[in-house]
Amino acid sequence: MTMMEPRKHGDASDGTVGGRQSRFEGKMKVTGTATYALEYPVENLAYAVLIQSTIPAGRVVKVDASAALAMPGVLLVLTPEDDLGLKLSADWGGNKPADGPYYPLPREVQFNGQSIAAVIAESRELATEAARLVRITYEESKHVADLNDPNAGEGKLMEPLSVAWGNAEAALAASPVRIEAEYSTPREYHVAMEPHGLTAKWDGDQLTIWEPSQWSHGMARMYSEWFDMPYENVRIISPFIGGGFGSKGQPLAYGAVAIAAARKLGRPVKLAVTRPQNFTSYGGRAATRQKIALGATEDGILQAIVHRGASETSLDADWPEQTGAATSILYKVENFSSQHRVVPVNSVTPGALRGPGKNPSAYGIECAIEELAYKLGMDPLELRLKNYADHDYQSGKPWSTRRLREALTEGAEAFGWSRRSHAPRSMCDGKTLIGWGIGCGTFPVIRAPSEAMIRILGNGRVEVVSGAIDMGQGTYTILAQSAAEVFGIPVDQVEVHLGDSRLPGSAIAGGSMLAGSIMGAVHKAAVAARDELIGLALSDASSPFRETGANTLNFAEGRIAAPRGETPSLTLADLMSALKREEIEVRRNTLPDGANAQEQLQAWTTMAKVQGPTMGDYSMHSWCAHFAEVRVDEDFGTVRVSRMVSAFDCGRLYNPKLVESQWRGGIIMGIGQALLEEGLIDQRNGRTVNNNVGDYLVPTNSDIPDIQVISVGVPDFNASALGGKGVGEVGIVGVAPAIANAVFHATGKRVRDLPITLEKLL
Ligand code: MCN
Ligand code: MOS
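All figures in this text were calculated on a predicted structure; none of them were measured in a lab. (Residues numbered from 1 in each chain as written. Chains lettered and ligands numbered in written order. Predicted model: local features only at pLDDT ≥ 70, side-chain atom pairs only at ≥ 80, totals over all residues. Heavy atoms only, no water.)

### A short note on the packing of aromatic side chains
Working step 1: Here the structure, examined in full by the defined rule, presents 21 aromatic pairs.
Working step 2: Their ring planes at 25 degrees and their centres at 4.6 Å tell us that Tyr 102 and Trp 226 sit as a pair that is stacked. With Tyr 102 in strand β5 (residues 101–102) and Trp 226 in helix α5 (residues 216–226), this pair connects stretches of sequence that are 124 residues apart. Side by side, Tyr 102 and Trp 226 carry an identical accessibility label, which is buried. (Phe/Tyr/Trp six-rings, centres within 6.5 Å; stacked < 30°, edge-to-face > 60°. Helix = DSSP H or I, 4+ residues; strand = E, 2+ residues; numbered from the N terminus. Buried < 20%, exposed > 50% of the residue type's maximum accessible area, 1.4 Å probe, protein only.)

### Thoughts on the domain arrangement of the protein
Working step 1: Here the domain parsing of the protein yields domain 1 (26–34 + 448–605), domain 2 (37–142 + 197–211 + 251–272) and domain 3 (159–171 + 284–445 + 614–760).
Working step 2: Summarising the inter-unit geometry, the C-alpha centres of domain 2 and domain 3 are found 39 Å apart.
Working step 3: Counting residues at the interface gives seven residues for domain 2 and eight residues for domain 3.
Working step 4: Broken down residue by residue, the surface that domain 2 buries against domain 3 is led by Gln 110, Phe 111 and Asn 112, which jointly contribute 70%.
Working step 5: The tally of links from domain 2 across to domain 3 stands at zero salt bridges.
Working step 6: Inspection of the domain 2/domain 3 interface yields four residue pairs in polar contact (both at pLDDT 80 or more).
Working step 7: When its residues are assigned to classes, the side of domain 2 that touches domain 3 shows three nonpolar, three polar and one charged. (Domains from an automatic or database assignment. Contact = heavy atoms within 4.5 Å. Buried area = accessible area lost by both parts, 1.4 Å probe. Salt bridge = Lys/Arg side-chain N within 4 Å of Asp/Glu carboxyl O. Polar contact = N/O pair within 3.5 Å; in protein donor to acceptor, adjacent residues only side chain to side chain. Nonpolar A, V, L, I, M, F, W, Y, C, P; charged D, E, K, R; others polar.)

### Details of the site of ligand 1
Working step 1: Around ligand 1, the structure places 32 residues, and the nearest of them are Gly 244, Arg 652, Gln 662, Val 727 and Gly 728.
Working step 2: Between ligand 1 and the protein, one listed contact pairs an oxygen atom with a backbone N or O atom of Gln 473 at 2.9 Å.
Working step 3: The backbone of Met 513 places a nitrogen or oxygen atom 3.3 Å from an oxygen atom of ligand 1.
Working step 4: Counting residues per element, the ones that place at least two in the shell around ligand 1 are α11 (475–487), α12 (514–539) and α15 (656–675).
Working step 5: The element contributing the most residues to the shell around ligand 1 is α15, with three residues.
Working step 6: A per-class count over the shell around ligand 1 returns 13 nonpolar, 15 polar and four charged. (Near = heavy atom within 4 Å.)

### A short note on the sheet that holds strand β2 (residues 58–64)
In a beta sheet, neighbouring strands are held together by backbone hydrogen bonds and run either parallel or antiparallel to one another.
Working step 1: As summarised here, the arrangement of the three strands in space is β6-β2-β8, forming an open sheet in which the pairing is antiparallel. The open sheet has two edge strands, β6 (108–109) and β8 (135–140), and neither has a second partner.
Working step 2: Note that β2 and β6 share two bridges and pair antiparallel. Residue pairing in the sheet places Arg 59 in a bridge with Glu 108 of β6. (Pairing = 2+ DSSP bridges.)

### Looking at α5
Working step 1: Summarising burial for α5: eleven of the eleven residues are buried, a large majority.
Working step 2: Of the positions making up α5, those classed as buried are Ser 216, His 217, Gly 218, Met 219, Ala 220, Arg 221, Met 222, Tyr 223, Ser 224, Glu 225 and Trp 226.

### Considerations on unusual backbone geometry
For residues other than glycine, phi is negative in most cases, and the peptide bonds are mostly trans.
Working step 1: Each neighbour pair has its own omega, and for Leu 754 with Pro 755 the value is -10 degrees, a cis peptide bond.
Working step 2: With phi around 55 degrees, Lys 580 is a residue other than glycine that occupies positive phi space.
Working step 3: Structurally, Lys 580 is set in the loop between α13 (572–578) and β26 (583–589).
Working step 4: Note on Lys 580: relative accessible area 66%, which makes it exposed.

### Points about the packing of α11 against α12
Working step 1: In the contact formed by α11 and α12, the axes pass within 9 Å of each other and the chain directions differ by 30 degrees. On the basis of the axis angle, α11 is roughly parallel to α12. Between α11 and α12 lies a crossing whose hand is right-handed. Between α11 and α12, the contacting residues are Thr 475, Ile 478, Leu 479, Ser 482, Val 486 and Phe 487 on the first element and Leu 514, Ala 515, Ile 518, Met 519, Val 522, His 523, Ala 526, Val 527, Ala 529 and Arg 530 on the second.
Working step 2: Along the lines of polarity and charge, the residues of the contact of α11 with α12 split into twelve nonpolar, three polar and one charged. (Axes fitted to C-alpha atoms, helices over the stretch in contact; angles between N-to-C directions. Parallel < 35°, antiparallel > 145°, perpendicular 65-115°, else oblique. Left-handed = near helix turned anticlockwise from the far one by under 90°.)

### Some words on the pattern of salt bridges
Once the charged atoms of two side chains with opposite charge are near each other, the side chains can pair.
Working step 1: By the definition in use, this model includes 37 salt bridges.
Working step 2: Residues Glu 321 and Arg 285 are paired through a salt bridge, measuring 3.3 Å at the closest nitrogen-oxygen approach. Of the two residues, Glu 321 sits in the loop between β17 (302–313) and β18 (336–344) while Arg 285 sits in the loop between α7 (275–281) and β16 (288–296), which places them 36 residues apart along the sequence. With respect to class, Glu 321 is no different from Arg 285; both count as buried.
Working step 3: Between Asp 649 and Lys 725 there is a salt bridge; the shortest N-O distance is 3.1 Å. Residue Asp 649 is found in strand β28 (residues 638–649), and its partner Lys 725 is found in the loop between β31 (706–711) and α16 (735–747); the two are separated by 76 residues along the sequence.
Working step 4: Overlapping salt bridges bring together Asp 429, Glu 629, Arg 631 and Arg 643 as one network.

### Concerning the nonpolar core
Working step 1: Counting 148 residues, the largest nonpolar core has Leu 294, Ile 454, Phe 487, Leu 533 and Ile 739 as its most contacted members.
Working step 2: The biggest single contributor to this core is α12, with 14 residues.
Working step 3: Per-domain counts for this core show at least three residues from each of domain 1 (26–34 + 448–605) and domain 3 (159–171 + 284–445 + 614–760).
Working step 4: Excluding anything up to four places from it in sequence, Ile 739 contacts Ala 628, Val 630, Val 641, Ile 671, Ala 674 and Leu 675.
Working step 5: Counting residues in hydrophobic clusters, the runner-up holds 39 residues, among them Ile 120, Val 257, Val 269 and Ala 352. (Core = buried A, V, L, I, M, F, W, Y, C linked by side-chain atoms within 4.5 Å.)

### Details of the side chain of Ser 361
Working step 1: The residue Ser 361 is located in helix α8 (residues 358–376) in this model.
Working step 2: On the basis of relative accessible area, Ser 361 is assigned to the buried category, the value being 0%.
Working step 3: Here Thr 323 takes part through its backbone oxygen, which lies 2.7 Å from a polar atom of the side chain of Ser 361.
Working step 4: Excluding residues within four positions of it along the chain, Ser 361 makes contact with Gln 290, Gln 322, Thr 323, Gly 324, Ala 325, Ala 326 and Thr 327.

### Quick look at the packing of α8 against α16
A pair of packed helices can be characterised by two numbers: the angle between their axes and the separation between those axes.
Working step 1: Across the interface, α8 lies against α16 with an axial gap of 8 Å and an inter-helix angle of 30 degrees. The pairing of α8 with α16 is recorded here as roughly parallel in orientation. The interaxial crossing formed by α8 with α16 has right-handed handedness. On α16, the residues that touch Ala 362, Tyr 363, Glu 366, Cys 367, Glu 370 and Tyr 374 of α8 are Ala 736, Pro 737, Ala 740, Asn 741, Phe 744 and His 745.
Working step 2: Its residues placed into classes, the contact of α8 with α16 shows eight nonpolar, two polar and two charged.

As structure tokens, then:
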């Protein structure tokens, strides 16, 4: 036991938890000293270039690589002809498929832009040129381009996602006021600044992979299964990442190709996925459509929600972009029914993109609720507060913490909502129409076990060691703050080592679950290391504290002292030297006590031990309310977001500065989603037409207004050991509907299909 002075949280600018420390690696990233995966100097490299299919469906009949192979410097061409000797891996959950071979370069083409061959050469330029000479003959078959293809069909009902209580259809029919509308969202992409790619190097049976990763342990496990080798023999190194947003949580076909090529050649291989290839090497957010019917009384009490949604998926995997994910938990309603279908199309399997499910789901329900407000002639803020959910109607459980009411009221206050005039087109600035809208958002608290190691060094420095990932969200910084707080030392006396599958096991940097999980592990390990040091300091013959009779020690302001201060205080380095210790090393995890090595490995390398928001006595989620102001020029159809105020409940904030930046980042992506982002698919060949950052539009600084963010959360110790809830994704959820609602308020035009581009307003 130790007696620490309680410290104030929330406004501290120092390095303790709750302080506004700047990002540890920020300067390294902007000055070019942070090394990214493709920048490691590896000797004797060969360079691989991917070749992707140019048809949406069919078979590779023949690959003629003779011209490519004839080029001096070309080392190898891999095609569907080559058996790379790989095996299927278990999925994220760790579920093993039937034993079978894995072909990262398959003969059957299921989408345009599928990897089907690779050229490996002495330089990237040579490999690129040789790839152009590879002649591929296809046998093309019929394809379904996307969700809007007339041949796409109704898709397949995802039974486990059906949610129902009460009698929604009957209650809807009996409701005096009803609205029904259909909303859609297009394919959207991650477009992280750092594209995908890797360098792979074999040393005998040891494999090292430099690859941007959101989950070093999980990816190492899947790679080890593909290559049928022991987990310990694979190492992924990923200390710095230029954004992932969900796209870097699993190994992909190109990774297998590069590693297999390195094995065949007996040389390290680097493979950089080009920006256009990025659009189909991992799927973006699936296109969705959803129909929502709301029934209410004349004074605005919700009676029923009937929700039917669909999203596109690939031919070989059912990836649901769950349009009902937020619909069931935002409002109080006694009668509810939601179903989701997946529609297979010839596309890469879609993937997780910031706020999967919750994001398009909030777009539907938060637009629908405002449509109802206008039908009732009621203020949309009032309608939301009137139907506030006092508990989780889906699970029947109480909320652990839900300060959405405070988010709505404090957000409204900061925004000046009371000055709004209700009628559409009633607010303007000269010729410019002004509109205000609200969108609520939510994201579940997901918990996962993690492990961390703390080292107290002889020189008084403290190291935090974990395989966890920082892709820009702030892991390095908050972990340093956590250890600094436990040892009462300045944050720059702490060194954090992350991003390596050889280091202690960690939850994925995904599902907004990492901070809560890994902070718990680091705190636990740091407290244990401090206790070990205290034990030595009170008992070791050479310790200056031995004779004090104290039963604990205080750690504050960089010094260690007995509680009553009888002896002079010592620094960590002084104490370590008095104890003649070079190092104290403590490793702790957050699994139940007694978990064996096998269970531990399973915990870091699969999702088997991950807990959802209602596993336990409470229903746990982060919440937010966005208030958007838009200015619309009707002559040109242009929409500008001129102001945003967003209020959040994410529990306790470990570092408010970083949290605010996470929230703003999410909001900025939400503005892009509302007004700009749209993967355009050529119906004739299923090709993503705008597969580059010139044509796939994301917001730039000049698109982004002043964004005010407000925290209304309180610590939630059911959600995590230190009281925080997830932060990384909730910010994007609810932004697009807030903007769509504001556009309606400005113009009287309801655009139900994103993005709201100018031609839809003319
Ligand atoms: N944080 C905090 N207090 C809390 C919770 C979080 O201070 N109570 C802060 C910390 O700085 C922490 C960060 O918020 O590092 C994110 O924490 P968390 O919500 O647990 O999310 P993860 O660490 O699991 O990060 C993943 C999340 C996801 S799923 C996506 S998608 C996303 C996001 O983070 N991708 C990002 N934010 C991103 N930010 C950047 N710069 N780049 C990405 O690719
Ligand atoms: Mo985030 S989409 O869960 O990586």
